[in-house]
Amino acid sequence: MLERYELEAFLTLAEELHFGRTAERLGVSTGRISQTVKKLERRVGTPLFARTSRSVRLTPVGQALYEDLLPAYRQMRAALERATAAGRGVHGRLRVGFGTPWGGELLTAAADALLASYPDCEITVREVPLDGGVRPLQDGTLDVQCAAFPVHEPDLTTGPVVVTDERVLLLPAGHPLARRDSLGPEDLAGLDLIAPGGAVPRYWTDHHYPRSTPSGAPVGRGPAAATWQEVLSHVTAGRGASPGAALGARYHPRPGIAYVPLHGVPPLEYGLVWPTAADSALLRAFVAKVEGLPAERPGHPSDGRTPHARGDGHR
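Asks: Got a sec to walk through the overall build of the protein? Specific residues and values, please.
Replies: The secondary structure content of the protein amounts to 10 helices and 12 strands. Relative to its full complement of 315 residues, the protein shows a buried share of 48%. Only carbon and sulfur atoms are counted for the fraction: they give 53% of the accessible area of the protein, which is about 14800 Å².

As C-alpha cells, then:
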C-alpha cells in the first residue's frame, strides 16, 4: 500500500519531470524526492523514470502506473475536500478567469458542478485577455485563474497541470511554411511572431515566443496583440506568425490561417493559479472540483492522449 507522500511524490514528478520543481511544489528536499522514488521503484521492481543529466521521463511502466493512480488520487482528494468543505462550510463568492475557450469550458463545468452542491455560493467565470497575463489575480479582480504555464510570481500559487496540448504555429495560409506537415524550432528563424504586450511577464513571453532559435538565429517580433482575435487577424493579414495550441484549430478555424504542428518543443501546459494569501473553503472546493473532473476531457494529462489538432484553413 502506498503512503500518501509516496503517491504525491510520484504523481508530482510524473507531471513536472523535474526533481527540483517537484521538491519545491511539495515543500521537501530534492533528496527526499529521489529517495522516495527509488524506494517506490524497488517495491515495483523496475524503473519508473528514465533519468539522464538533462532530462527525466516516465518509462512505459511508470506511464501506466501514472495513468492508473491519478484518477483514484483525484477522487481521494476531491472526497477530502468535500469533507473539509462540509465541516467548514462552503460559502461566499468566487471570481474565476480563463484565457482559452477550452479553459473556459473546463472552469464553467467545474462551477456548475460545485454550485449543484452549494447553490448559495456565487461563482462568476470571465475571460482574461491575452495581454492580461495573471494581473487580474494580483490586482484583486480574480480569485483563481486557468493560465498557461509557466507562472513564477512570488505572490501566486500554482496548482497542478489540468490541460496539456501540443504546440502549433499559426501561419498565413499562403506562406511557404504553411504547406509543411510539421515544423521545428529552427523554422522560426526570420519569422515575425505576434506576441502579447501589456501585463505579460517577460519570462512568459520569451518562453512562448522565443527571440532566437536553439542555434541562435534571430526570431523577429510582429505587431503586439491584446486578444486572440487580434492575433488571428494579424496572421490572416500576413503580418506575422504565432505559436499556439493545437486545440486552436478546432476553436478558431479561419480560411486564411494554417495550423502547422511544431515538433521538438515541449507541450503547452495549463493549470490553476491563485493568490498565495487567499484561502477559503470555496476556493479549495473549486480547485478540487476542477482536478476531479472526468479524465476524458480534451488535453487532460491523465487520459493518455494529447490533442493533436491540425487546421489548414479549409475546414
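Asks: Help me get a handle on the environment of Glu-269, residues and values and all.
Replies: When you line up the elements, Glu-269 lands in strand E12 (residues 268–275). Sequence-distant contacts of Glu-269, defined by excluding residues within four places in its chain, comprise Glu-15, Ala-147, Ala-148, Phe-149, Val-161, Val-163 and Thr-164.

Asks: Residues and numbers for the pairing of E12, please.
Replies: Within E12, 7 of the 8 residues are buried, leaving the element largely enclosed by the surrounding structure. Where strand E5 (residues 144–148) lies against E12, 4 bridges are found, and the strand directions are antiparallel. When the sheet's bridge partners are listed, Ala-147 is paired in E12 with Gly-271. With 7 bridges connecting them, strand E6 (residues 156–165) and E12 associate as antiparallel partners. By the bridge assignment, Val-161 is partnered in E12 with Gly-271.

Asks: Residue-level account of the packing of aromatic side chains, with values.
Replies: Applying the stated rule across the entire model yields 4 aromatic pairs. Between the aromatic rings of Trp-102 and Tyr-251, the centroid separation amounts to 5.4 Å while the plane-to-plane angle is 55°, which identifies the pairing as tilted. Placement of the pair is Trp-102 in helix H5 (residues 101–117) and Tyr-251 in helix H9 (residues 248–251), with a sequence separation of 149 residues. Classification of Trp-102 by relative accessible area gives buried; the value is 9%.

Asks: Hey, could you go over the layout of surface pockets for me, with residue numbers and the actual values?
Replies: Estimates place the volume of the second largest pocket at around 260 Å³. Considering every element that reaches the lining of the second largest pocket, the biggest residue donor is helix H7 (residues 202–208), with 3 residues. Its residues placed into classes, the lining of the second largest pocket shows 8 nonpolar, 5 polar and 2 charged.

Asks: Requested: an account of the pairing of strand E11 (residues 257–261), with residues and values cited.
Replies: Among the 5 residues of E11, 5 are classified as buried, and the element is accordingly described as predominantly covered. Bridging between strand E7 (residues 167–172) and E11 involves 5 bridges; their strand directions are antiparallel. Each bridged residue has a counterpart across the sheet, and for Leu-171 the counterpart in E11 is Ala-258.

Asks: Give me the sheet that holds E6: which residues, what numbers.
Replies: Sheet architecture is open: 5 strands sit in the order E4-E3-E5-E12-E6, paired in mixed fashion. In this open sheet, the two strands that pair with only one neighbour each are strand E4 (122–127) and E6. The sheet shows a mean angle of 20° between the axes of neighbouring strands, taken without regard to direction. For strand E3 (residues 93–98) and E5, the ladder comprises 3 bridges, and the chain directions are parallel. Directly across from Val-96, in E5, lies its bridge partner Val-144. Docked against the sheet, H5 engages E3, E4, E5, E6 and E12, running at close to 175° with respect to E4.

Asks: Report on empty space enclosed by the protein, specifying residues and quantitative values.
Replies: Under the criterion given, the structure shown has 1 cavity of 30 Å³ or more. Considering only enclosed or pocket space, the largest cavity measures out at about 530 Å³ in volume. Looking at the largest cavity, it is lined by 35 residues, and the ones nearest its centre are Leu-130, Ala-148, Trp-204, Trp-228 and Tyr-270. Of all the secondary structure elements, the ones that give two or more residues to the lining of the largest cavity are H5, E5, E7, H7, helix H8 (228–236), strand E10 (242–245) and E12. In terms of residues, the lining of the largest cavity owes the most to one element, E5, which gives 4 residues. Residue composition of the lining of the largest cavity, by class: 26 nonpolar, 8 polar and 1 charged.

Cut-offs used in this document
Residues numbered from 1 in each chain as written. Predicted model: local features only at pLDDT ≥ 70, side-chain atom pairs only at ≥ 80, totals over all residues. Heavy atoms only, no water. Helix = DSSP H or I, 4+ residues; strand = E, 2+ residues; numbered from the N terminus. Buried < 20%, exposed > 50% of the residue type's maximum accessible area, 1.4 Å probe, protein only. Areas by Shrake-Rupley, 256 points an atom, 1.4 Å probe, with all protein chains shown as cover. Contact = heavy atoms within 4.5 Å. Pairing = 2+ DSSP bridges. Phe/Tyr/Trp six-rings, centres within 6.5 Å; stacked < 30°, edge-to-face > 60°. 1 Å grid on protein atoms, 1.4 Å probe; cavity = no way out; pocket = protein on both sides within 12 Å on 5 of 7 lines; lining within 4 Å. Points joined across faces, edges and corners; volume = space filled by probe spheres on them. Nonpolar A, V, L, I, M, F, W, Y, C, P; charged D, E, K, R; others polar. Axes fitted to C-alpha atoms, helices over the stretch in contact; angles between N-to-C directions.

Nothing here speaks to function; it is geometry throughout.
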